[in-house]
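Examining the three-dimensional arrangement
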Amino acid sequence: MCGIVGYVGSEQAAPILLEGLSKLEYRGYDSAGVAVYDGETGRLTVRKSKGRLKVLSDMLDGGASVAGRIGVGHTRWATHGAPSDVNSHPQLSRSGRIAVVHNGIIENYAELKAYLQEQGIPFTSETDTEVVAQLIEHFYEGDLLQAVGRCLRRIEGAYALGIVCADAPDEIVAVRKDSPLILGYGEGCSFLASDVTAILRHTRRVSYLDDGEAAVLTRDGIQCYNHLMQPIEKEICHVDWEVDAAEKGGYEHFMFKEIMEQPEALRRCVLPRIRNGEVVLEDFRLDGEYLRSVRKLYIIACGSSYHVGMLGKYSLERILRLPVEVSLASEFRYMDPIVDEGTLAIVISQSGETLDTLAAMREAKRLGAKTLSIVNVVGSSIARESDQVIYTWAGPEIAVATTKAFTTQLAVVTLLGLYLARRLGTMEETEYKSVLEELLALPEKMEAVLANRDGLQYYASQYFNHDSVFFIGRNIDYAMGMEGSLKLKEISYIHSEAYASGELKHGTISLIEDGTLVVALCTYHKLFDKAMSNIVEVKARGGDVLALTTEGKREELGKTANGVFAIPEAHPLLLPCLGTVPLQLFAYYVALMRGCDIDKPRNLAKSVTVE
Ligand code: AGP
């Protein structure tokens, strides 16, 4: 996790670094710091502090108190060493002339630290990053890039590094391996950042460093190098995300803004891909012959993206009549999975940088599978390394709790299912047409759900002080419940669990007592009666039931449940996309009433680039 940013140009660097860091705070927020070199005084100033970025920004008077036109900045999610001033980045070399910001983990840091200590080099922090700063200085003989190159040959692990050196005052050296790093090309200035949102205000011209590559940034431009430190040319891409898309735009929280943006995000994701009654996936490179040879789909993802995978299993098996396995990326990596040339691995990730997912994708490739990724962040590692990428086009998602990326991932899974079904001839024409029509109607139906949000605010006011909540459902309602439960616990800190309703009687029902809140999902008509039986069982033990269903079942459920929220009727393949929205809103309102830090929940980060 962690966010890094760098600037070299003719403006004062500190305010630009702080502004960039404010866009990266979602990546980690337990401490922050900057290192700025001032050509007038020849001094490298490092200022850092435990706590939110605001603490640092106040300390630096918004950046005004630190002079210099070149520098790097960091916002931290602690791995090695607790959040503290001394463990914050930038980390300095012994002489204080080299400053390093780092996102990732240096796995062999202990061994390297011992080696450096034997050479008499003292350490001040508990971080793995200080090893990098010390090692670069250890190798430094007047050429920063060369010293960095020698350092890279010694370190193992994942890193995106930004390095400034008082003896090379016009340049920033940047390198990456398994952690994201973007280079930005401005007029008379250059940038580096973990994520494009940090530099969008200044430039839309970016390139993406690949693993093992390095770059030297100066105000006149950027020179990139391959792993042998030979100069290379990188393609410069134009980013068309709106600057405002990464701003709160009058909303109190990014999460709420992003929930409300979902109909628009869906339109962006779906409409251009339906033409003349057909799903069109441009640049789809997996040909018909290959698709017909696929024997199994393997969906790999983490967190909410994994829940999309669970939902995808129901829909893709139904549409394609192919077996679909779903695995948590962190498990897949180490479980000796049955994957071969007949497997298409579908890798789902909003950020496209989740380390476990990236590593699992590489493992699937190694085992012979082709890989298809569903990703939001354009140019991210997973997008670039997969054989085929389908972007969700949800726009930047800043809140740690994912919302619009989730629903657009679901929409892409459906589009993909339809597209493959057409190629493989596995779907009836009428069914195909009806799902397509429903997909087109989805944004409007979602608007109707959002317009009814007051009901959810009311339910949240009734239950926000509960300590524990259960989500139950069957089939797609079960997978949706997993997402509802994750949303609630990650932002409100209420303990919550999701269960397949049929499993209640195998253990969980012993936890239901007077007043226990159970959110019962029953949108899937086929299993409605079964869902009702489970609701009755919960009620019989004193539980309070909040039910989620479709309009047609509202009345019936209202007779039994303590509260009902209804979504418009929809094709079962699309119900999860609509049904997740009330769960997001419920979690949001509960967290709001509990006074939680909704966009930046404790201990979490948006992009999880450590194992
Ligand atoms: C969801 O709200 C989460 N914050 C989290 O579970 C997330 O979905 C997970 O970390 C995977 O991220 P990715 O989609 O960027 O790979």
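Above this text you will find the structure in question.
Since the structure is predicted, the reported quantities are computational estimates derived from the model, not experimental observations.

Here's the deal with the overall build of the protein
- For the protein, the helix and strand inventory stands at 19 helices and 27 strands.
- The C-alpha atoms of the protein give 25 Å as radius of gyration, which agrees with the globular expectation for 611 residues (25 Å, within 12%).
- Taking the principal axes of its C-alpha atoms as reference, the protein extends roughly 75 × 55 × 45 Å.
- Here the protein holds 611 residues, and 61% of them are scored as buried.
- Put simply, 72% of the contacts in the protein that link residues at least 6 apart link residues at least 24 apart.

A short note on helix H1 (residues 13–24)
- Given a rise of 1.5 Å per residue, twelve residues ought to cover 16 Å, and the 16 Å separating the end C-alpha atoms of H1 matches this to within 8%.
- Counting buried positions over the twelve residues of H1 gives nine, a clear majority of the element.
- Among the residues of H1, Ala 13, Ala 14, Ile 16, Leu 17, Leu 18, Gly 20, Leu 21, Lys 23 and Leu 24 are the ones counted as buried.
- Close packing links the buried residues of H1 with strand E1 (3–8), strand E2 (31–38), helix H2 (53–59), strand E4 (70–76) and strand E10 (190–193).

Description of the environment of Phe 256
- By the secondary structure assignment, Phe 256 is in helix H6 (residues 254–260).
- For the pair Phe 256 and Leu 585, spaced 329 residues apart in sequence, the C-alpha to C-alpha distance is 7.9 Å.

Topic: the site of the ligand
- Around the ligand, the structure places 15 residues, and the nearest of them are Ser 305, Ser 349, Ser 351, Thr 354 and Glu 490.
- Measuring from an oxygen atom of the ligand, one finds a backbone N or O atom of Ser 304 at 3.1 Å.
- At a separation of 2.4 Å, an oxygen atom of the ligand approaches a polar side-chain atom of Thr 354.
- Within the complex, 91% of the 410 Å² of free accessible area of the ligand lies under protein.
- Secondary structure elements with two or more residues in the shell around the ligand: helix H9 (303–320) and helix H16 (476–492).

Some words on the sheet that holds strand E11 (residues 205–208)
- Overall, antiparallel pairing links the eight strands, which are arranged E3-E2-E4-E1-E10-E9-E11-E15 in an open sheet. With one partner strand each, in any of the chains shown, strand E3 (43–50) and strand E15 (237–238) form the two edges of the open sheet.
- Relative to E10, strand E9 (residues 182–185) runs antiparallel, the two being bridged by four bridges. By the bridge assignment for E10, Gly 184 is matched with Phe 191.
- In this fold H1 packs onto E1, E2, E4 and E10, with an angle of close to 155° to the strand it touches most, E1.

Some remarks on the packing of aromatic side chains
- This structure, assessed with the given rule, holds nine aromatic pairs.
- An aromatic cluster of three or more residues is present, and its members are Tyr 251, Phe 256, Tyr 588 and Tyr 589.
- Its guanidinium or amino end placed over the ring of Trp 393, Arg 273 lies 3.6 Å from that ring's centre, counting from NZ or CZ.
- A cation over an aromatic ring shows up here: Arg 602 above the ring of Tyr 493, its NZ or CZ 3.8 Å from the ring centre.

Here we look at the environment of Ala 198
- Looking at the element boundaries, Ala 198 is found in the loop between E10 and E11.
- Ala 198 sits 195 residues away from Gly 3 along the chain, and the two C-alpha atoms are 9.2 Å apart.
- For Ala 198, the contacting residues outside a window of four places in its chain are Gly 20, Lys 23, Leu 24 and Ala 193.

Concerning the sheet that holds strand E20 (residues 343–349)
- If you trace the five strands from one edge of the open sheet to the other, you get E19-E18-E20-E21-E22, paired in parallel fashion. The open sheet terminates on both sides in strands that have one partner only, identified here as strand E19 (324–328) and strand E22 (388–391). Pairs of neighbouring strands in the sheet enclose a mean axial angle of 20°, with direction left out of account.
- Relative to E20, strand E18 (residues 296–301) is paired through five bridges, and the arrangement is parallel. Residue pairing across strands places Leu 297 opposite Leu 344, the latter belonging to E20.
- Lying on the sheet, helix H11 (residues 355–366) is in contact with E18, E20 and strand E21 (370–375); it crosses E20 at an angle near 170°.

Description of the packing of H16 against helix H19 (residues 575–593)
- For the pair H16 and H19, the least separation of the axes is 9 Å and the interaxial angle reads 20°. Between H16 and H19, the interaxial angle falls into the category roughly parallel. Judged by the sense of rotation from one axis to the other, the crossing of H16 with H19 is right-handed. Facing Ile 476, Met 480, Glu 483, Gly 484, Lys 487, Leu 488, Ile 491 and Ser 492 of H16, the residues of H19 in contact are Leu 575, Pro 576, Gly 579, Thr 580, Leu 583, Gln 584, Phe 586, Ala 587, Tyr 588, Val 590 and Ala 591.
- Considered class by class, the residues forming the contact of H16 with H19 number twelve nonpolar, five polar and two charged.

Conventions and cut-offs
- Residues numbered from 1 in each chain as written.
- Predicted model: local features only at pLDDT ≥ 70, side-chain atom pairs only at ≥ 80, totals over all residues.
- Heavy atoms only, no water.
- Helix = DSSP H or I, 4+ residues; strand = E, 2+ residues; numbered from the N terminus.
- Rg over C-alpha atoms; globule rule 2.2 N^0.38 Å.
- Buried < 20%, exposed > 50% of the residue type's maximum accessible area, 1.4 Å probe, protein only.
- Contact = heavy atoms within 4.5 Å.
- Expected span 1.5 Å × (residues − 1).
- Near = heavy atom within 4 Å.
- Polar contact = N/O pair within 3.5 Å; in protein donor to acceptor, adjacent residues only side chain to side chain.
- Areas by Shrake-Rupley, 256 points an atom, 1.4 Å probe, with all protein chains shown as cover.
- Pairing = 2+ DSSP bridges.
- Axes fitted to C-alpha atoms, helices over the stretch in contact; angles between N-to-C directions.
- Phe/Tyr/Trp six-rings, centres within 6.5 Å; stacked < 30°, edge-to-face > 60°.
- Lys NZ or Arg CZ within 6 Å of the ring centre and 35° of its normal.
- Parallel < 35°, antiparallel > 145°, perpendicular 65-115°, else oblique.
- Left-handed = near helix turned anticlockwise from the far one by under 90°.
- Nonpolar A, V, L, I, M, F, W, Y, C, P; charged D, E, K, R; others polar.

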